[in-house]
Each structure stands twice: as C-alpha cells, then as structure tokens.
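Structural characterization, general
Spelled out from the first residue to the last, the chains are:
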Amino acid sequence: MTATATPDSLVQQARRCLKQGDLRQAEQLFDQVISQESGHIAAHEGLATAAFISQNYARAIELYRRVLQLDPRRPQPLVNIGAVHNRQGDYQQATKVLRQALAKDRKCAEAYYNLGIAHKGLNQLSMAVSAYREVIRLSPEMAEAYQNLANVYLEMGNVQQAIVNYRRALELRPDFERARRGLEKAQLSVAAAKQSASPFGRLVRMDESKVDKEEAPTRALSPQ
C-alpha cells in the first residue's frame, strides 16, 4: 500500500470494480484493505456484496455477520442478511432477521422493503401491503416500492390500486420497464373485465319463457 493509496481510496477503487463487474479485482482490493486494517467495516461490506453478486450466499451471510460484530448498533448488516435469505427463498428466516433490524431502527426503509418481499413470498399479501406502504411513507421517492406494492395489489385482485401505484412508479422513473409492463397487464385486465360484462343483461326468447303447466314442479302447501 503506497502513501497515497489509503484504505478508503482502495475501497472506492474496489467499489468501482464491483460496478464494472470485475469481482476478482474488487475482492483483491477489499482483502488488501483488511490485511492492513482488519476492522475496516466498508471493506468487509464490500466483500459480502461481492459474494452476494457471485451467488455465494453462505459466504455473504458470514461476512455480513462479521460486519455486525464490528458494529452491532447498525441495522444494515441485518437488512442485507435478510435480503440474502429472500434471494435464497427462505422467507421465514428473512422476516425474523429483518424484524431484528427494525428493532434497531424503526425508520429503516430498506428493512421494510425487504420485509415486503418476504411477506409476499409467504403469501401474506396484506402484511406485504403494510410493509410497502411504510417504505413509501419513509422514502416516497423509491419507485421500486410503488412497483412492488402494485404487484401485490394486482395479485389480490385490486386492479385499480395496482394501476395507481404502477403509474406513480413510472412518474418517478419513466424508464422503469417492469412498472410499464405491470401497468399494461393491469389495464388489459380492466379492459377484459369490461368486455366480458354485458351492459344489457341476459336476453331470453319469448317462447323459452313459457312454462308448461303439466311439467311445472309443484309443492303441496301445508295448513300453515
């Protein structure tokens, strides 16, 4: 490590490598920082992120737990562990960890966001709605929260609320392709429902309305 290559500057360089998809170089730089400063939280977080991107989920959880040991007050490591569990499909464990994160910070929008994913994965749709609405309250500019909320509403059959939230996501991010596709799907659902409903009711032929008295079912009346 040269005099100009401080741990923080190396971390920034490693983060750029992550964005460019050069995981190997990023990991080498993060390891270099840790070899010089074993408690460097950002370097450990960077290594965990690299493991997550490479789908080495067990390693990612291990590294995020190391970050939690270095700074137990922060909810972010628990949020990231919850996100890893979501990616693994272990939604029950994700909800457990994410609630631990919220116990540390009730205003952590990312914790609620990942909690919404977990509840939807468990088919707890009403709880997913509550989680995403809390995200929107805390972070009203998060387009992904509106899009995910719209997805849940659409699954619940509340098409109008789905449309409202897809549109809001697109207002925030006009290039949000998933929100655009979701909006199209919701609008097609409305159009199909209108088309299937007859505005005139059901017509019958006059000759079908006549009942043959001999064939009409009868029921004897009691004195009461």
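Up top is the structure.
Report on the accompanying structure. Here the structure is a predicted model, which is why all the values come from computation and not from measurement. (Residues numbered from 1 in each chain as written. Predicted model: local features only at pLDDT ≥ 70, side-chain atom pairs only at ≥ 80, totals over all residues. Heavy atoms only, no water.)

Let's shift gears to the overall build of the protein. The helix and strand inventory of the protein stands at eleven helices and zero strands. Secondary structure elements of the protein occur, N-terminal to C-terminal, as α-α-α-α-α-α-α-α-α-α-α. Split into buried and exposed, the 224 residues of the protein put 40% on the buried side. In the protein, the share of contacts with a sequence separation of at least 24, taken over all contacts with a separation of at least 6, comes to 43%. Approximately 14100 Å² of the protein is accessible, and the part contributed by carbon and sulfur atoms is 49%. (Helix = DSSP H or I, 4+ residues; strand = E, 2+ residues; numbered from the N terminus. Buried < 20%, exposed > 50% of the residue type's maximum accessible area, 1.4 Å probe, protein only. Contact = heavy atoms within 4.5 Å. Areas by Shrake-Rupley, 256 points an atom, 1.4 Å probe, with all protein chains shown as cover.)

On to helix α5 (residues 76-88). Counted at 1.5 Å a residue, the expected span for α5 with its 13 residues is 18 Å, and the 18 Å between its end C-alpha atoms agrees. Buried within α5 are the following residues: P77, L78, V79, I81, G82, A83, V84, H85 and N86. Contact partners of the buried residues in α5: α3 (41-53), α4 (57-70), α6 (91-104) and α7 (109-121). Residue G89 follows α5 closely and has a positive phi angle near 85°. (Expected span 1.5 Å × (residues − 1).)

Moving on, we come to the packing of aromatic side chains. A complete count under the given rule lists two aromatic pairs for this structure. Ring centres 5.8 Å apart and planes at 55° place the aromatic pair F52 and Y57 in the tilted group. Comparing F52 with Y57, the two get one shared label, buried. Between the aromatic rings of Y113 and Y132, the centroid separation amounts to 5.9 Å while the plane-to-plane angle is 70°, which identifies the pairing as edge-to-face. With Y113 in helix α7 and Y132 in helix α8 (residues 125-138), this residue pair connects regions lying 19 residues apart in the sequence. (Phe/Tyr/Trp six-rings, centres within 6.5 Å; stacked < 30°, edge-to-face > 60°.)

Read these as geometric descriptors, not functional statements.
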